[in-house]
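# A structural walkthrough
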Amino acid sequence: MKNETKCLHSGYTPKNGEPRVVPIYQSTTYVYDSTDAVAHVFDDPTAGLIYSRFANPTTDAVEKKIADLEGGVAAMCTSSGQAASLCSILNICQAGDSFVASSSIYGGTVNLFAVTLKKLGIECIFVDCDADYETLVKAAKPNTKCYFGETIANPALTVLDIETWAKAAHENGLPLIVDNTFATPVLCRPMEWGADIVVHSTSKYMDGHAVQVGGVVVESGKFNWENGKFPCLTEPDESYHGTVYTRDYPAAPFLTKARMQLMRDFGCFPAAHSSFLLNLGLETLAVRMPQYCKNAIKVAQFIAKSDKVASVAYPGLEGDKYYERAQKYLPDGTSGVIAISIKGGRDNAVKFMDALELASNEVHVADIRTCVLHPASATHRQLTDEQLAAAGIDGGLIRLSVGLENVDDIIADIEKGLAAI
Ligand SMILES: *Cc1c(COP(=O)(O)O)cnc(C)c1O
């Protein structure tokens, strides 16, 4: 099936007389007719539902849909994108380990990796997102467990050379984790370029309507964990009656471990109602994404002509630093997000923002409605100047998330903003 069809039909196939739409299973728990039957699902959690901290039928349908869209074998939804990134790393890294990450990633992920994981004894080795193959291969140490990057980085809009990153990770016997939030599987499927694990903040385009915060981790099923570097997957898990994930769950060992160990202990599972809302967003994802791209390229071309703008970053715009790479990885478009650097720095950026009427000033991105954000005073305000620079952010930078309004109205609003400078 193609994307449009998967968005509508994957994950849930009602039988005779069953609801057309995947229902909200608003239940914490599931009933069994004997103690033996309960014991059986504890032995094999894939045999049935136990408790809605591990799995829930509404969420299960969404997980299957997302796994299908990304071309993975399994997916696990989480209560936020941050929880998805956290689970993807902690599933294979423990105190004393390290991992390699692109320095051009979401600010919240930088905090998680550079500050919070450091306190847990896990070192993040940041490397330039444009580092060449040799540099990437050499970045790993003996204790390194994985590589991490973002397809289109939020908010710098750098494009990851996924194939090169995957080759470098695999050269070291390590998996590549890719945050595919901005691209969505409609514009890019990182697993087709070698990524082993894909994570998303589903709060963005996948939901699209700004109604739920969520995340997801997807497993390709192709990585060979039995190379001696991942005893956590290949040796018995004493906290889960001696399960050996690669032996007992060979189809999706990474996510089975993440669910039975991390989800059990952290409890960051989404509410059934949130999964229901996410599913509604996913149903139209494949028809929404091309339209965001169509609007955004016109807006980017318009802004690029203004003498009040120092630079425009939009990987789909000819002349952009990442144009060639975007043509390879994102031939159908590079999402609705544009980064604009207003001349005159912070003061003029604020004037531009405050003059907008249609576009809302909010801490969000990838919404169905056009919205703007000034990262230096909002999402990224806790980063140091060096970290800001490494993430490609200056004081005049505005992240414009082009929505699905008529593009003429969006451009008219931006004209008002530019006139206020
Ligand atoms: C928003 C975002 C996150 C964090 O997701 P939440 O759902 O807000 O926790 C992670 N990565 C990227 C690229 C994001 O845009």
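Report on the accompanying structure. Everything numeric in this text was worked out from a predicted model, so none of it was measured.

Once that is clear, we can look at the sheet that holds strand β11 (residues 371–373). On the basis of which strands lie adjacent, the open sheet formed by five strands has the order β8-β9-β12-β11-β10 and mixed pairing. Edge positions in the sheet fall to β8 (309–313) and β10 (360–361), since each of these pairs with one other strand and no more. Direction of pairing for β10 relative to β11: parallel, over a ladder of two bridges. Bridged to Asn361 within β11 is Val372. Each of β9 (337–342), β10, β11 and β12 (397–401) touches helix α15 (residues 345–355); the most contacted strand, β9, lies at about 125° to it.

Now for helix α4 (residues 81–90). Most of α4 is tucked away, with eight of its ten residues classed as buried. Restricting attention to buried positions, one finds in α4 the residues Gly81, Ala83, Ala84, Ser85, Cys87, Ser88, Ile89 and Leu90. The N-cap of α4, judged by a side-chain oxygen 3.4 Å from the amide nitrogen of Gln82 a few residues on, is Ser80.

Our next topic: the site of the ligand. Residues in close proximity to the ligand total 14 residues, the closest being Asn154, Asp179, Ser201, Ser203 and Lys204. Here Asp179 contributes a side-chain N or O atom positioned 2.7 Å from a nitrogen atom of the ligand. In this structure, an oxygen atom belonging to the ligand sits 2.8 Å away from a side-chain N or O atom of Ser201. In the complex, 92% of the free accessible area of the ligand, which totals 380 Å², lies under the protein chains. Here the residues of the shell around the ligand are counted per class, giving three nonpolar, eight polar and three charged.

Our focus in this paragraph is the sheet that holds strand β2 (residues 98–102). Strand order in the open sheet formed by seven strands is β1-β7-β6-β5-β4-β2-β3, with mixed pairing between adjacent strands. A strand with exactly one partner marks an edge of an open sheet, and here the two such strands are β1 (74–78) and β3 (123–127). The sheet shows a mean angle of 20° between the axes of neighbouring strands, taken without regard to direction. Where β2 meets β3, five bridges bridge the pair, whose relative direction is parallel.

Scanning the entire structure with this criterion turns up nine aromatic pairs. Each ring, one from Trp193 and one from Tyr329, has its centre 4.8 Å from the other, and the planes form 70°; the classification is edge-to-face. On the criterion of sequence distance, the pair formed by Trp193 in the loop between α8 (184–187) and β6 (197–201) and Tyr329 in helix α14 (residues 323–329) is long-range, its members being 136 residues apart. Judged by its relative accessible area of 2%, Tyr329 falls in the buried class. Judged by centre distance (5.4 Å) and plane angle (15°), the rings of Trp225 and Phe254 are stacked. Here Trp225 is found in the loop between β7 (215–219) and α9 (231–234), whereas its partner Phe254 is found in helix α11 (residues 253–266), with 29 residues between them in sequence. What makes Trp225 buried here is its relative accessible area of 4%. Phe254 gets classed as buried once you look at its relative accessible area, which sits at 1%. An aromatic cluster of at least three residues, connected via ring pairs, comprises Phe223, Trp225, Phe230 and Phe254. The ring of Phe230 has Lys145 lying over it, and the distance from NZ or CZ to the ring centre is 5.8 Å. In this structure, Lys204 packs its charged tip against the face of Tyr106, placed 5.2 Å from the ring centre.

The next point concerns the nonpolar core. In terms of nonpolar packing, the biggest core is built from 128 residues, with Phe99, Phe113, Val299 and Ile338 touching the most fellow members. Top element by residues in this core is helix α13 (residues 285–304). It accounts for nine residues. Each of domain 1 (3–280) and domain 2 (287–419) gives at least three residues to this core. Aside from chain neighbours lying at most four places away, what touches Phe99 is Ile89, Cys93, Phe113, Leu117, Ile122, Glu123, Cys124, Ile125, Thr144, Lys145 and Cys146.

Definitions and limits used
- Residues numbered from 1 in each chain as written.
- Predicted model: local features only at pLDDT ≥ 70, side-chain atom pairs only at ≥ 80, totals over all residues.
- Heavy atoms only, no water.
- Pairing = 2+ DSSP bridges.
- Helix = DSSP H or I, 4+ residues; strand = E, 2+ residues; numbered from the N terminus.
- Contact = heavy atoms within 4.5 Å.
- Axes fitted to C-alpha atoms, helices over the stretch in contact; angles between N-to-C directions.
- Buried < 20%, exposed > 50% of the residue type's maximum accessible area, 1.4 Å probe, protein only.
- Polar contact = N/O pair within 3.5 Å; in protein donor to acceptor, adjacent residues only side chain to side chain.
- Near = heavy atom within 4 Å.
- Areas by Shrake-Rupley, 256 points an atom, 1.4 Å probe, with all protein chains shown as cover.
- Nonpolar A, V, L, I, M, F, W, Y, C, P; charged D, E, K, R; others polar.
- Phe/Tyr/Trp six-rings, centres within 6.5 Å; stacked < 30°, edge-to-face > 60°.
- Lys NZ or Arg CZ within 6 Å of the ring centre and 35° of its normal.
- Core = buried A, V, L, I, M, F, W, Y, C linked by side-chain atoms within 4.5 Å.
- Domains from an automatic or database assignment.

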